[in-house]
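Observations on chain architecture
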Amino acid sequence: MGKLLAKLHTVLVLWCLWLADGSDAEYLRYKDPKQPLYVRARDLMGRMTLEEKIGQMTQIERSVASQDIIKKYHIGSVLIGGGSAPTPQASAETWMDMADDFQKGALSDRLGIPIIIGIDAIHGHNTVYNATIFPHNVGLGVTRQVHHIYIERIRSLSKGLELQPLLKSGRLEFLTRLLLVCRDPRWGWGRCFESYSEDHKIVQAMTEIIPGLQGDIPANYLSNFPYVNGRTKVAGCAKHFVGDGGTVDGIDEYNTVTDWNSVRNIHMPAYLDSIRKGVATVMVSYSSWNGKKMHANYNLITGYLKNKLKFRGFIISDSEGIDRITTPPRANYTYSVQAAIHAGIDMVMVPYTYVEFIEELTSLVKKNIIPMSRIDDAVERILRVKFIMGLFENPMGDRTMLSQLGRQVHRELAREAVRKSLVLLKNDKNRDEPLIPLPKKARKILVAGSHADNIGNQCGGWTIKWHGQSGNITVGTTILTAVKNNVDPHTEVVYSENPDKELVKSNDFSYAIVVVGEVPYSEYVGDSKNLRIVDPGYSTISNVCGAVKCLVVLISGRPVVIEPYLDQIDALVAAWLPGTEGQGVADVLFGDYGFTGKLARSWFKTVDQLPMNVGDPHYDPLFPFGYGLTTKPRERRAAQ
């Protein structure tokens, strides 16, 4: 009996030690990276309550997020909206601290499911002070060097490395406008700068940015499956699905009236390419197709995107996109939630009224109006992306990446992008005296115009703030500074924002550079049916170009009215929205590099011609699609 008691005592002691050692902890397959992805996802889903699943389907805005909110509602994603920063001019460390703080809330929840952080990084990490700001897509489409030298480098250096130090916690869902095909420069009246081209082939070619953001898909990888290669990459988002660049009269969030063949042949091809390249997420458009709101379009979202194309990432709504299913918005929010989830949307960018959304969706499921199978499909897709991103293994920020923001190597790449995005539209009045390349040695030159010394105007919308802002809002080089950097030290540079004719005539300038254009905007703020540049732009052109040889540089997110002033101008350059690196403009104006850019959209004579695209009947533009004069550099440089 004594021996038996001794044995039992030994067993009890060993059992207690086992408990104290923590070895009794349940083996969680979903936390084991050695397990197959589908095993991890199914294991985790089997442990989740309805409330936890619906929380994963919910994306809320940074300004309403906190550790407590994320934990209480089991939030799956946090959005950093346009201009939404933790503090003005926040450092990279402050951004990472914010993201880590949100992540701690998610990890403290029962199952510890990490969040994804989403941000609109349209042309660099554009909400962040001191980030490198690249040309907007309207300029990148001009380069024509899609997947060879330029796009390979821009994708891997800028939009990967500069994003990493700021949002490595939670990892990033990179909300970039990859795939819209703008068929009318009035689109959104003010969103055409988000498009690479009116030609779907150029838009398709530019989908090469996806492997740069997410990594190159390995051989024998599953077809149409999302792919994000490790901690040095971010998840991309293709948007807006589908046809948002073809709305009637270019009205934002309006109706695209066309047949299926046009949708399939013009607006859809880039989505097919993106899915083949492993894009992680797709965002649905505010717009409609033949009267049917895209956010409620089951046939296109589930029937085509998920079932026909076999897309295995997740579908996300646009901000408050489900609210706008009804007219007016939120007229019947219960119906909007039902219609959107039924259509196939997996994650809803609420972004503020998250409690109401969660309650409505929970009620619809409990009443069997939305089947549990639809919820499970959405959650499995979201978890799939999170597992592929490596979030469960590395949820917190990588502090070694903090030094990447605004590095000179990134600025040099952006400068190169600027050089290649410029289009020379005119280079002489009399066809025998080209003004470009400009002479660096001159007695005195004039630089004029509202956009010559203004980083905010140079960058356009989606820079620091949602709609952008005029002024020196971030770190960069203005075109005026770039000119001063480029000319001979003995050349006098006079700057006058809007000189009168007398000033111009009385100074005996060798030549003048006039930099004018549109003020920053995005979406509805850019409303313009006449597509004219901001005052006093045209009077500045007339005052200067009527008195001295002049080069006009247009800073705009789309073709603008210029035909009535063309005869006054000696040389004309479309610089689009070049971003922070204005030195790239001067590099080409003064002949250090040649002009190579070709128009990726047609330039109208009058707005009455719109919409007008290459291949249309009666096509009669001022400058046709593909047009662009070329120049040779003064001296040959090593290939870039």
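What this report covers is the structure whose coordinates are included nearby. Please read these numbers as outputs of a predicted model, since none were measured by experiment. (Residues numbered from 1 in each chain as written. Predicted model: local features only at pLDDT ≥ 70, side-chain atom pairs only at ≥ 80, totals over all residues. Heavy atoms only, no water.)

Observations concerning the packing of aromatic side chains
All chains considered together, the criterion is met by 14 aromatic pairs. Aromatic side chains Phe623 and Tyr627 sit 5.3 Å apart centroid to centroid with 25 degrees between the ring planes, which places their arrangement in the stacked category. For Phe623, a relative accessible area of 6% translates into the label buried. Through pairs of rings, three or more aromatic residues link up here, namely Trp576, Trp603, Phe623 and Tyr627. (Phe/Tyr/Trp six-rings, centres within 6.5 Å; stacked < 30°, edge-to-face > 60°. Buried < 20%, exposed > 50% of the residue type's maximum accessible area, 1.4 Å probe, protein only.)

As for the sheet that holds strand β8 (residues 288–289)
Paired through backbone hydrogen bonds, the strands of a sheet run either parallel or antiparallel to each other. Pairing in this open sheet of three strands is mixed, and the strands run β6-β8-β9 from one edge to the other. With one partner strand each, in any of the chains shown, β6 (255–256) and β9 (292–293) form the two edges of the open sheet. Across two bridges, the pairing between β8 and β9 is antiparallel. Across the sheet, residue Ser288 finds its bridge partner in β9, namely Lys293. (Pairing = 2+ DSSP bridges. Helix = DSSP H or I, 4+ residues; strand = E, 2+ residues; numbered from the N terminus.)

Observations regarding the state of the cysteines
Applying the stated criterion across every chain, the model contains two disulfides. Note that Cys182 is cross-linked by a disulfide to Cys192, the S-S spacing being 2.0 Å. Measuring the twist about the S-S bond at about -110 degrees, one finds the Cys182-Cys192 disulfide to be left-handed. Taken together, the residues span a long stretch of sequence, with Cys182 in the loop between β4 (172–175) and α9 (200–205) and Cys192 in the loop between β4 and α9 at a distance of ten residues. Using a relative accessible area of 1% as the deciding quantity, one classes Cys182 as buried. Since its relative accessible area comes to 1%, Cys192 is described here as buried. Each sulfur in the disulfide pair Cys545 and Cys550 lies 2.0 Å from the other. (Disulfide = S-S within 2.5 Å.)

Observations concerning helix α15 (residues 354–366)
Since the α-helix packs 3.6 residues into each turn, any two residues three or four apart lie on the same face. Compared with the 18 Å implied by 1.5 Å per residue over 13 residues, the 18 Å span of α15 between its first and last C-alpha is a close match. Elements in contact with the buried residues of α15: α3 (50–56), β1 (58–61), α4 (67–73), α14 (333–343), β11 (348–349) and α16 (372–389). Two residues or fewer past α15, Asn368 is found with a positive phi of approximately 65 degrees. (Expected span 1.5 Å × (residues − 1). Contact = heavy atoms within 4.5 Å.)

Here we look at the pattern of salt bridges
A full pass over the atoms with the stated rule returns 31 salt bridges. For the salt bridge of Arg47 with Asp43, the shortest nitrogen-to-oxygen distance reads 3.1 Å. Note that Arg47 and Asp43 are positioned in helix α2 (residues 37–47) at a spacing of four residues, about one turn of the helix. Residue Asp43 is classed as buried on the basis of its relative accessible area, which comes to 15%. Salt bridges sharing partners connect three or more residues here, namely Lys306, Asp346, Arg374, Asp377 and Arg381. (Salt bridge = Lys/Arg side-chain N within 4 Å of Asp/Glu carboxyl O.)

Re helix α19 (residues 479–486)
For α19, the set of buried residues is Ile479, Leu480, Ala482, Val483 and Asn486. Axial view of α19: buried residues confined to an arc of 160 degrees, hence all on one face. Its buried side turned inward, α19 meets β13 (444–448), α18 (455–459), β14 (492–496), β15 (511–517), β16 (550–555) and α22 (583–589). (Arc of directions from axis to C-beta.)

Topic: the side chain of Lys386
Along the polypeptide, Lys386 turns up in helix α16. On the accessibility criterion, Lys386 (0% relative accessible area) is buried. Reaching out from Lys386, the side chain makes a polar contact with the backbone oxygen of Gly76 at a distance of 2.9 Å. (Polar contact = N/O pair within 3.5 Å; in protein donor to acceptor, adjacent residues only side chain to side chain.)

In short, geometric facts, not functional conclusions.
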